[in-house]
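If you want the building blocks of each chain, they are given just below.
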Amino acid sequence: MAVSSSNQHAPNKATRFVGVCIQRLGCGLRANFTLRNVIKHIATEMKYQLYDPTIQKIEVLRLAKRLDDELLYLRDAPNEYSTFDENMEVEYLPEGVSVPVNPEMVK
């Protein structure tokens, strides 16, 4: 996923964070989600409120099914499982194709 949010301190007044969604909590106005990515060998997690007015855009970049609802175990896994390119673009699935299951097994 990628989240673009406004940031008054950024040069272009917006920031974009790309990561894997490891947790989604709450419902309604209290709903939030956590994204994780490894940037320059440092694991980074960002927690966003789903209805935060500073969020400009939420994009699903790669759609894949996982067997678990929450991926909190990625915190203890090697960094290679949580590393995504900051400039990652949307990967489209062909029409009528079911969502693929992610075959990666975390050691």
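Residues numbered from 1 in each chain as written. Predicted model: local features only at pLDDT ≥ 70, side-chain atom pairs only at ≥ 80, totals over all residues. Heavy atoms only, no water.

(A) Region of interest: the state of the cysteines. All chains considered together, the criterion is met by zero disulfides. There is no disulfide at Cys21, and the cysteine sulfur nearest it, in Cys27, is 16 Å away. Residue class for Cys21 comes out partly exposed when judged on its relative accessible area of 27%. Assessed through its relative accessible area of 63%, Cys27 is described here as exposed. (Disulfide = S-S within 2.5 Å. Buried < 20%, exposed > 50% of the residue type's maximum accessible area, 1.4 Å probe, protein only.)

(B) Region of the structure containing the sheet that holds strand β3 (residues 20-25). Pairing within the open sheet is antiparallel, and its three strands lie in the order β3-β4-β5. Looking at strand neighbours, the two that pair on one side only are β3 and β5 (42-49), the edges of this open sheet. Adjacent strand axes in the sheet meet at a mean angle of 20° when their direction is disregarded. Pairing of β3 with strand β4 (residues 32-39) involves five bridges; the strand directions are antiparallel. Paired with Cys21 across the strands is Leu35, a residue of β4. (Pairing = 2+ DSSP bridges. Helix = DSSP H or I, 4+ residues; strand = E, 2+ residues; numbered from the N terminus. Axes fitted to C-alpha atoms, helices over the stretch in contact; angles between N-to-C directions.)

(C) Region of the structure containing unusual backbone geometry. In this structure, Lys40 is a non-glycine residue whose phi angle is positive, near 55°. Tracing the sequence through the fold places Lys40 in the loop between β4 and β5. Here Lys40 falls in the exposed class, since its relative accessible area comes to 71%. For His41, which is not glycine, the phi dihedral falls at a positive 65°. Summarising the element assignment, His41 is placed in the loop between β4 and β5. On the accessibility criterion, His41 (77% relative accessible area) is exposed.

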